[in-house]
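Here are the chains, one letter per residue:
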Amino acid sequence: MTSSPDVRFWFDPVCPFAWMTSTWVRTVQAQRDYTVEWRFISLRLLNSHIDYDAHFPPEYEVGHTAGLRMLRVLAHVRDDHGPDAVARLYPALGRRIFDVEPQEYDAGDIGPLVTAALTEAGLPEALTAHLDDDSRDAQIQTETDEALKLTGKDVGTPILHIAPPEGAAFFGPVISRLPNDEEAAQLWDHVVGLATFPGFAELKRSLREKPQLRSFGVEEGTAGAQEDWHAGSRRQKK
């Protein structure tokens, strides 16, 4: 029987906060020799009932759709090449989305980005053809529902499950700055300690700094401007 991982991490590749948290988790993973299982949650499917024009800034629909398209490729990668290949491909995608100059990433033209990421991850470039293959959408929906069953519905990405199946699951932590190596372990212990305290449910604020990412124009060592991310996003309709 396959043993459970130390951490399950649900991500959408276009979510900047999932990317920040995943970078931190990979640091802790290396320090603690943890096993991490990378699972899928689609912001596009999560918001399938939402009128994007009324609720979100204009770039959100194409951005969330790009995330779903990348998850289709990632689902085929996992089916054909195993979970370790997903663990390689996600960072290769994320660097091309977030570690670039503002406006360099084009959510409407992700084919070349995905092909380059596949090559970096040692995977066949032909997998890019699955961007518009919806045959794995039901699988992605199932994993999205699985995450929400653990946390409730009023959440976003990322979602973490510590010591599954019995351990605590939660949305976040949402971080806008990356901790250094020493801070990474300290933050992990604080988050896990809080999340596993019996009866703990929520600690939240909607004010967030723009994440410390080149694509947001926020350089390392600086702090981004604060914005109100209503309901976990920059929703326009309250």
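Keep in mind it's a predicted model, so treat the numbers as computed, not measured.

**Points about the nonpolar core**
At step 1: Among the nonpolar cores identified, the biggest contains 67 residues, and F11, V77, L89, V114 and W188 are the most heavily contacted of them.
At step 2: Looking at this core element by element, the count peaks at nine residues for helix α4 (residues 60-81).

**Let's talk about the pairing of strand β3 (residues 159-162)**
For a regular strand, side chains alternate in direction, first toward one face of the sheet and then toward the other.
At step 1: Here β3 shows two buried faces, one formed by I159 and H161 and the other by L160 and I162.
At step 2: Inspection of the sheet shows β3 paired to strand β4 (residues 169-171) by three bridges, in the antiparallel sense. Counted as the bridge partner of L160 is F170 from β4.
At step 3: Counted between consecutive antiparallel strands, the loop separating β3 from β4 contains six residues, among which A163 sits at a positive phi close to 50°.

**Quick word on unusual backbone geometry**
At step 1: T157 connects to P158 through a cis peptide bond whose omega is 5°.
At step 2: Within the secondary structure layout, P158 lies in the loop between α7 (137-151) and β3.
At step 3: The peptide bond linking P164 to P165 adopts the cis configuration, its omega dihedral lying at 5°.
At step 4: Note that P165 resides in the loop between β3 and β4.
At step 5: A positive phi angle, close to 75°, is found at Q103, a residue other than glycine.
At step 6: Its location among the elements puts Q103 in the loop between α5 (83-98) and α6 (111-120).
At step 7: With a relative accessible area of 76%, Q103 lands in the exposed category.
At step 8: At A163, a position not held by glycine, the phi torsion is positive, near 50°.
At step 9: What makes A163 partly exposed here is its relative accessible area of 43%.

**Observations concerning helix α1 (residues 16-32)**
At step 1: In a regular helix each residue adds 1.5 Å, so 17 residues correspond to 24 Å; α1 covers 24 Å between its end C-alpha atoms and thus fits that length.
At step 2: Among the residues making up α1, those that are buried are P16, F17, A18, W19, M20, T21, S22, W24, V25 and V28.
At step 3: Looking at the buried side of α1, the elements it contacts are β1 (7-11), β2 (36-40), α5, β3, α8 (181-195) and β5 (207-209).

**Observations regarding the side chain of D12**
At step 1: Mapped onto the fold, D12 is located in the loop between β1 and α1.
At step 2: Although D12 is buried, it forms no salt bridge, and the closest oppositely charged side chain is R44 at an N-O distance of 9.4 Å.
At step 3: Polar contacts involving the side chain of D12 include one to the main-chain amide nitrogen of L43, which spans 2.9 Å.
At step 4: Once residues within four sequence positions are removed from consideration, D12 is found in contact with A18, I41, S42, L43, R44, G67, L71 and T157.

**So, the pattern of salt bridges**
At step 1: Throughout the structure, instances matching the rule amount to 15 salt bridges.
At step 2: E146 is the partner of R39 in a salt bridge, and the nearest nitrogen-oxygen pair spans 3.0 Å. In this pair, R39 is assigned in strand β2 and E146 in helix α7, connecting sequence segments 107 residues apart.
At step 3: Here R39 falls in the buried class, since its relative accessible area comes to 14%.
At step 4: Overall, E146 belongs to the partly exposed group, its relative accessible area being 32%.
At step 5: What emerges from the salt-bridge pattern is a single network uniting R8, E37, R39, R78, E143 and E146.

Rules of the game
- Residues numbered from 1 in each chain as written.
- Predicted model: local features only at pLDDT ≥ 70, side-chain atom pairs only at ≥ 80, totals over all residues.
- Heavy atoms only, no water.
- Core = buried A, V, L, I, M, F, W, Y, C linked by side-chain atoms within 4.5 Å.
- Buried < 20%, exposed > 50% of the residue type's maximum accessible area, 1.4 Å probe, protein only.
- Helix = DSSP H or I, 4+ residues; strand = E, 2+ residues; numbered from the N terminus.
- Pairing = 2+ DSSP bridges.
- Expected span 1.5 Å × (residues − 1).
- Contact = heavy atoms within 4.5 Å.
- Lys, Arg positive; Asp, Glu negative; His and termini not counted.
- Salt bridge = Lys/Arg side-chain N within 4 Å of Asp/Glu carboxyl O.
- Polar contact = N/O pair within 3.5 Å; in protein donor to acceptor, adjacent residues only side chain to side chain.

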